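# Reading the structure
Each chain, letter by letter, is given below.
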Amino acid sequence: MNRLLVSVAIGGLMALTACGEEATTSTIFVSAAASLADAFAEMEEGFEAENPGVDVVVNLAGSATLREQILDGAPVDVFAAANGSTMAEVVAADRAASAPVVFARNRLQIAVPLGNPGAVTGLPDFANDRLLIGLCAEGVPCGDLARQALQAAGIEPSLDTNETDVRALLAKLEEGEIDAGIVYVSDVTAAGGAVEAIDFSEASEFVAEYPIVVVESAPNPEGAVEFMDFVLSEEGQRILAENGFQQ
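So, here's what we can say about the structure. (Residues numbered from 1 in each chain as written. Predicted model: local features only at pLDDT ≥ 70, side-chain atom pairs only at ≥ 80, totals over all residues. Heavy atoms only, no water.)

### Digging into helix 4 (residues 84-92)
Those residues of helix 4 lying buried are Thr86, Met87 and Val90. For helix 4, the angular spread of the buried residues around the axis is 95°, confining them to a single face. Buried residues belonging to helix 4 abut helix 3 (63-71), strand 3 (78-80) and strand 9 (207-214). (Buried < 20%, exposed > 50% of the residue type's maximum accessible area, 1.4 Å probe, protein only. Helix = DSSP H or I, 4+ residues; strand = E, 2+ residues; numbered from the N terminus. Arc of directions from axis to C-beta. Contact = heavy atoms within 4.5 Å.)

### Points about the pattern of salt bridges
Evaluation of the coordinates by the stated rule reveals ten salt bridges. For Arg67, the salt bridge goes to Glu68, with nearest N and O atoms at 2.9 Å. Classification of Glu68 as partly exposed rests on a relative accessible area of 34%. Put simply, Asp38, Arg167 and Asp187 are held in one network by salt bridges that share partners. (Salt bridge = Lys/Arg side-chain N within 4 Å of Asp/Glu carboxyl O.)

### A short note on the pairing of strand 4 (residues 101-113)
As defined by bridge partners, strand 4 adjoins strand 9 across six bridges and the pair is classed as antiparallel. Each bridged residue has a counterpart across the sheet, and for Ala104 the counterpart in strand 9 is Tyr210. Bridge analysis of strand 4 against strand 7 (residues 180-184) gives four bridges, and the strand direction is antiparallel. The residue bridging Leu108 from the neighbouring strand is Tyr184, located in strand 7. Where strand 4 and strand 8 (residues 195-198) come together, four bridges link them in antiparallel fashion. Residue pairing for strand 8: Ile110 is matched across the bridge by Ile198. (Pairing = 2+ DSSP bridges.)

### Structural notes on helix 6 (residues 166-174)
Of all the positions in helix 6, only Val166, Arg167, Leu169, Leu170 and Leu173 are classed as buried. The buried residues of helix 6 all sit within an arc of 155° when viewed along its axis, so they share a single face. You can read the cap of helix 6 off the contacts: a side-chain oxygen lies 3.0 Å from the backbone nitrogen of Arg167, and it is on Asp165. At the C-terminal side of helix 6, Gly176 shows a positive phi close to 75°. (Polar contact = N/O pair within 3.5 Å; in protein donor to acceptor, adjacent residues only side chain to side chain.)

### Section: the side chain of Ser35
Mapped onto the secondary structure, Ser35 falls in the loop between strand 1 (26-33) and helix 2 (37-50). Classification of Ser35 as buried rests on a relative accessible area of 3%. What Ser35 contacts, discounting residues up to four positions off in sequence, is Ala82, Val166, Arg167, Tyr184, Ser186, Asp187, Tyr210 and Phe245.

### Observations concerning the environment of Leu145
Relative to the assigned elements, Leu145 resides in helix 5 (residues 141-152). The sequence separation of Leu145 and Phe206 amounts to 61 residues, and the corresponding C-alpha distance is 6.4 Å. Beyond its immediate sequence surroundings of up to four residues, Leu145 is in contact with Leu108, Tyr184, Phe206, Val207 and Ala208.

### Some remarks on the side chain of Ser31
Relative to the helices and strands, Ser31 is located in strand 1. Relative accessible area serves as the criterion here: at 2%, Ser31 is assigned to the buried category. With near-sequence residues (within four places) excluded, Ser31 lies in contact with Asn59, Leu66, Val76, Val78, Phe79 and Ala80.

### Thoughts on the nonpolar core
Formed by 64 residues in total, the largest nonpolar core has its most connected members in Leu36, Phe40, Phe103, Ile110, Ile182 and Phe227. Residue contributions to this core peak at six residues, all from strand 4. Dropping the residues within four chain positions of it, Ile182 is found in contact with Leu108, Gln109, Ile110, Leu123, Phe126, Gly134, Leu135, Ala146, Leu150, Leu169 and Phe200. (Core = buried A, V, L, I, M, F, W, Y, C linked by side-chain atoms within 4.5 Å.)

### A closer look at the packing of helix 2 against helix 9 (residues 234-242)
Axis separation between helix 2 and helix 9 bottoms out at 9 Å; the angle between their running directions is 150°. When the interaxial angle is binned, helix 2 and helix 9 end up roughly antiparallel. Seen along the crossing, helix 2 lies across helix 9 with a hand that is right-handed. For the pair formed by helix 2 and helix 9, the contact residues are Ala39, Glu42 and Met43 on the first element and Gly236, Ile239, Leu240 and Glu242 on the second. (Axes fitted to C-alpha atoms, helices over the stretch in contact; angles between N-to-C directions. Parallel < 35°, antiparallel > 145°, perpendicular 65-115°, else oblique. Left-handed = near helix turned anticlockwise from the far one by under 90°.)

### Topic: unusual backbone geometry
A positive phi is found at Asn116, a non-glycine position, where the angle reads about 45°. Along the chain, Asn116 falls in the loop between strand 4 and strand 5 (133-136). Despite not being glycine, Ala119 shows a phi value in the positive range, around 55°. When you line up the elements, Ala119 lands in the loop between strand 4 and strand 5.

Right under this line is the structure:
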């Protein structure tokens, strides 16, 4: 075979290889509530390990922010919210390809900086204006749920900060910028000992349910279904449990 034919053959092989790589590479865009950050990072790693050539891109934010992005037409394959009401708005706008499925539950906990400098013991301390108190903002699932628990306990909180999502609130607790906040059990788990947790009885009455759905007109509908199945699988549920979520 002369050099020209060899060159043509190699060029053709490279072109076929490139086409093959392109055909076997796909991206799955996942929008997930901020409290799912650590669990979905592991989901991403596990799913990609089982599916070579697939790139899972996780967009983390407050559920309300993600909802607005979806309603504005952002390219999203899978939406995992931290409450049913936010998901219901996506369904009502015909942006869900099927009925949402609850894949995890989460319980509230009071979190305080290490050493508990404010000597916080429970929900009544959230009315103490001498303490620096934080919640997630209204409209954010953890913020709405915390306010329901406080109202049930007959407590009007003396708030110093309303954070855009639960991880922003957790960061302020880790840095000791506030004396107490209400987050999820999974966030305390994620903090890895950087904060201390205090249980309260009302938490059992106000449990967050996390629904997941394939988004209508998803850029990668087949990949979206496969990723959602992974979240619901035994492996996905194991990852969630290890990160503090309940089934």
